[in-house]
Structures are given as C-alpha cells and as structure tokens.
Amino acid sequence: MTDATQTHPATAGAANSMWGGRFAAGPDAIMEAINASIGFDRRLYAQDIRGSRAHAAMLAAQGIISDSDAAAIGEGLLTVLSEIERGEFHFQTALEDIHMNVEARLKDLIGEPAGRLHTARSRNDQVATDFRLWVRDQCDAAIGGLRELIRVLVAQAEAGADWVMPGFTHLQVAQPVTWGHHMMAYVEMCARDLGRFQDARARMNESPLGSAALAGTGFPIDRHATAAALGFDRPTANSLDAVSDRDFALEFLSAAAICATHLSRLAEELVIWSSAQFRFVALSDRWSTGSSIMPQKRNPDAAELIRAKIGRILGAAVALFTVMKGLPLAYSKDMQEDKEQVFDAADTLMLALAAMTGMIRDLSVNRDRLEAAASSGFSTATDLADWLVREAGLPFRDAHHATGTLVARAEARGVDLPDLSLDEMQAVNPAITAAVFDVLGVRNSVASRQSYGGTAPDQVRAQVARWQAAMEDWA
C-alpha cells in the first residue's frame, strides 16, 4: 500500500478537476499537505463504502439513476472494499480524502456510472455520515469492553464477598470493608460508563445523509430509506445542524474520558496494592515486567500505563472541544481536525479496557494480608462509637469523644481497641459492657453493615446476584 503522504505525478491536477475548474493551478506541496486528510480518514473506508452503497440504492429506487448504474456502483464499491481490505488499494494524497479516493477508483473500475454516485449529496453530509457510523461502532466496542470488565469484577466480588480488608479515606485506614464490596464499587462505576456510551449511541443514531452541503437537495430523495439501510433510527431533522454537528464525537470523548478516569483509579489501587508495603494482591507475570538492574523487581507496568492513558483521552476531548467552540454554521475546514483525536482516544480506551480486564481476571488476592491490614489502624473505632449510641444511649458527639479517648489510650499502649480491657474502657465510660467486644472484631464490623449497598457479605452477594441477572440479559 502506498504511503498516504506520497505525491503522485499521474494525479497532478486531480484536485483541480475535483474543484470543477474553479482554480487555474494546482495547490503546491504545502497546501496539499495541510489540506489532505487521507493519511487518517482512510480509517473510514468501510463506513464510506457502506454509505455510498445505501445512497446509490436509494437513488435508483427513487428513479434518480438507473438500476443498471446503481448495480454497477454497488458491485464496484465492493471491489474497492476488497482491495482496501487486502492492502492493494493505492491511496493518493492529491485526491485529499477517503471519499475522493474511493470515487476515483470506482471510476477506474466502472467508468461513467461512477460519476452519478455523488448525485444529491455533498462531501459535507458524506463525512458526517461516515464519521457518525464509525463513532457508533466505537460506542458498541466500548460497551462490549465494559461488559467484559464488569464480568471479571463481579467474579472477583463473588469470590471475595466475605474477605475482610481495610477501607480507606485519605489513604488512611478508616473502616473494615469486604473485598467483594470494593470490587462492586468499580462495577457501579463501569455501569455508569456503560450507560453513558449507550446514551451517546442512542442520541447519535440519526442519519445526516441527504443533507447535502448544508441546505438539503432538490432531488426527490428518500432520507428515511438510507437511514434505515444504515441502521439509523431516523434522518436528522435539520440539514444545517446535520453537516456541522460533532456532538456525537464530543459525547463519545466525554464518556471515554470519564471511563478512563475510572480505569486510572483502579490502576492506581493495583499499583499500591501490589507493592511490597501492602502485598494485598499479586499481578500475574502476564501483566508485569522486570527491572533491567534490580532482579527482585516485579513492576506493575500495565497498571501504570493504564493510569496514564487518561491524559491522551482527556487531551483528545479538550482538543475537539477547542476546535468546535467558535465555528459558525455550517461546515468549516476546521472540522477536518475532528478525527485524529477521536481515532486515538478510541484505540487507547479499548486497549486500556482489555488490559484492565486481563489484570483483574488474573489477579491473585492475599486474603490473610487483607484481614491483617483491616485489623490495624483502629478500623473499628466507628463501630465502638455506634455501639455507645445504640446500646449506651449516648449522643453521637459524646460517643465520638469517648471513642477518641479510648483510641488515644490504645495508641499510647501500642495495642488496638479490642486489646483494651473492659476495666480500661469503663474508666472512660462506665456504660460500656462486655458486649462491646462483639462489635470490635473486623468480621463482626463488616457483618453489621447490613444497610442497602453496605459492605456486609449478604449485601455484597445480593448485588452480585443482581448483576449476574443483568449479565444474562446481555447474552
């Protein structure tokens, strides 16, 4: 396949003829380089050919072109598709974009009928349709990737529904939680991501094709037919908006940036948890690398790279928002800058989703280390305060003060709260009884958190069951 930036003397003047003789001389090399988009929009070839075949079929059905011309166009476009997929297509920079490259090759193959394909459309509605189809496909891919990640997170949650671990705020031990509860938190995050991509897909599922340059067309086209042929719910209702809208790409990038943020947060926890200081988890060799100088090292490089990917995806969103922010209606050449960022963000997101899914699937969890860590840092202090309110009738602020006093005494002795004697506790508040020790163990603590959405194993299993039912519906 020829490099897209190569200039082909045989095609000199092709841009002139494309512009209908308006210009007497062809663009120089710099103008050609800044104007051409074939180096990146070639990725839209399948969508471009699909849209053109639907358009040609509609033109014939409406009697705008002959059935024989439509058949020749349809077959010729399939030949072009096959050539591109086999890597045999000769992309030409002088032809600027994927649309003109396909049309020029179609003319080589079938002759005069190729010139009728562009009846009742413009490159403005053509590219809007192609790009919308491509982004719609990426929404589907992201939805599929998120579903796979949710599956492995739910599996981890089910396995560890009653594994006790420390819950953190400010990265300080706060209260005991369960491993399953922690995994299910990321399920909920991914579910919101899933919903955002589904919502974006539903909103973008309108066809711009037939809007032409900006004002529609005088030909008796059937936009509902082409919309249905391309899997859209309906045609767009305003031709000006249709050719100048890139909300669908902005929504995709916004959803991708939020999703990448969630992946980055989980990746950060994997980096921390797999460190020698924590030893909560071990990443498999498939998702780790070694050091060139320190043989003992196992580096969580995959997690670190996922943690960084948000930069590229958020950067893509900011770039496209900046491109679009001041554009008057309808189409401006600025909008050629809409694709590269989206292409890169989509590729980056899918890679990050696949890598995170693999890491979570292969993750080994150190249950003993989790429970030992959960028992440190006075993690059941809140349980003690709650007990004083519930059983001793203290106002919460008084219970909070008494508990703080007991924590200070335990800290001074170098022990945890359950290690204090009843006499020591009653010296702070005589209402404390031996029953308090029932809530001070970390297992008792998590078992007591029975409120809906809480960390109790029964609650975790209920949420796991809810998601397992939802996953059956996906199939």
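We now turn to the structure provided with this report. (Residues numbered from 1 in each chain as written. Predicted model: local features only at pLDDT ≥ 70, side-chain atom pairs only at ≥ 80, totals over all residues. Heavy atoms only, no water.)

1. Things to note about helix 11 (residues 247–273)
Part 1: Here helix 11 is 27 residues long and its end C-alpha atoms lie 39 Å apart, about the 39 Å a rise of 1.5 Å per residue gives.
Part 2: Across the 27 residues that make up helix 11, a large majority, 20, are buried. (Helix = DSSP H or I, 4+ residues; strand = E, 2+ residues; numbered from the N terminus. Expected span 1.5 Å × (residues − 1). Buried < 20%, exposed > 50% of the residue type's maximum accessible area, 1.4 Å probe, protein only.)

2. Structural notes on the packing of aromatic side chains
Part 1: Within this structure, the stated rule accounts for nine aromatic pairs.
Part 2: Taking the centre distance of 4.7 Å and the plane angle of 55° together, the rings of F89 and F91 count as tilted. The same class applies to F89 and to F91, which are both buried.
Part 3: Here F278 and F280 contribute two aromatic rings whose centre-to-centre distance is 5.1 Å and whose plane-to-plane angle is 80°, an arrangement assigned as edge-to-face.
Part 4: Three or more aromatic residues link up through ring pairs in this structure, and these residues are F131, W134, F248 and F343.
Part 5: Sitting above the plane of the F343 ring, R43 keeps its charged end 5.0 Å from the centroid.
Part 6: For K339, the ring lying beneath its charged end belongs to F131, and the centroid distance is 5.5 Å. (Phe/Tyr/Trp six-rings, centres within 6.5 Å; stacked < 30°, edge-to-face > 60°. Lys NZ or Arg CZ within 6 Å of the ring centre and 35° of its normal.)

3. Quick look at the pattern of salt bridges
Two side chains of opposite charge can pair, provided their charged atoms sit close to one another.
Part 1: This model, assessed by the stated rule, comprises 27 salt bridges.
Part 2: With a shortest N-O distance of 2.6 Å, R123 and D97 are connected by a salt bridge. Of this pair, R123 sits in helix 7 (residues 123–159) while D97 sits in the loop between helix 5 (67–85) and helix 6 (98–110); the two residues are 26 residues apart in sequence, bridging distant segments of the chain.
Part 3: Here D245 and R132 are joined by a salt bridge, their closest N and O atoms 2.7 Å apart. (Salt bridge = Lys/Arg side-chain N within 4 Å of Asp/Glu carboxyl O.)

4. Some details on the packing of helix 12 (residues 301–324) against helix 13 (residues 340–362)
Part 1: Look at helix 12 against helix 13: their axes get within 9 Å of each other, and the N-to-C directions meet at 155°. Here helix 12 lies roughly antiparallel to helix 13, going by the angle between them. Seen along the crossing, helix 12 lies across helix 13 with a hand that is left-handed. Across the interface between the two elements, A302, A303, I306, K309, R312, I313, A316, A319 and L320 from helix 12 touch Q341, V342, D344, A345, T348, L349, A352, A355, M356 and M359 from helix 13.
Part 2: Residue composition of the contact of helix 12 with helix 13, grouped by class: 14 nonpolar, two polar and three charged. (Axes fitted to C-alpha atoms, helices over the stretch in contact; angles between N-to-C directions. Parallel < 35°, antiparallel > 145°, perpendicular 65-115°, else oblique. Left-handed = near helix turned anticlockwise from the far one by under 90°. Contact = heavy atoms within 4.5 Å. Nonpolar A, V, L, I, M, F, W, Y, C, P; charged D, E, K, R; others polar.)

5. Concerning unusual backbone geometry
Part 1: Residue A330 is reached from L329 by a cis peptide bond, and omega for that bond is 5°.
Part 2: Considering the arrangement of structural elements, one finds A330 in the loop between helix 12 and helix 13.
Part 3: Phi at L171 is positive, roughly 60°, even though this residue is not glycine.

6. Here we look at the nonpolar core
Part 1: By size, the foremost hydrophobic cluster in this structure holds 105 residues, and its most contacted members are W179, F197 and M356.
Part 2: If one sorts the elements of this core by residue count, helix 11 sits on top with 17 residues.
Part 3: Ignoring anything within four residues of it in the chain, the contact list for M356 reads L149, L263, L266, A267, L270 and I306.
Part 4: Listed in part, the 18 residues of the second largest apolar core include A399, L420, M425 and V439. (Core = buried A, V, L, I, M, F, W, Y, C linked by side-chain atoms within 4.5 Å.)

7. Looking at the packing of helix 8 (residues 179–204) against helix 20 (residues 457–474)
Helix-helix packing is described using two parameters, namely the angle between the two axes and the distance between the axes.
Part 1: Following both chains from N to C, one finds helix 8 and helix 20 inclined at 35°, their axes separated by 10 Å at the closest point. Remark: the crossing between helix 8 and helix 20 carries left-handed chirality. Taking contact as the criterion, the partners of G180, H181, M184, V187, E188, A191 and L194 in helix 8 are, on helix 20, V460, Q463, V464, R466, W467 and W474.
Part 2: Taken together, the residues of the contact of helix 8 with helix 20 break down into eight nonpolar, three polar and two charged.

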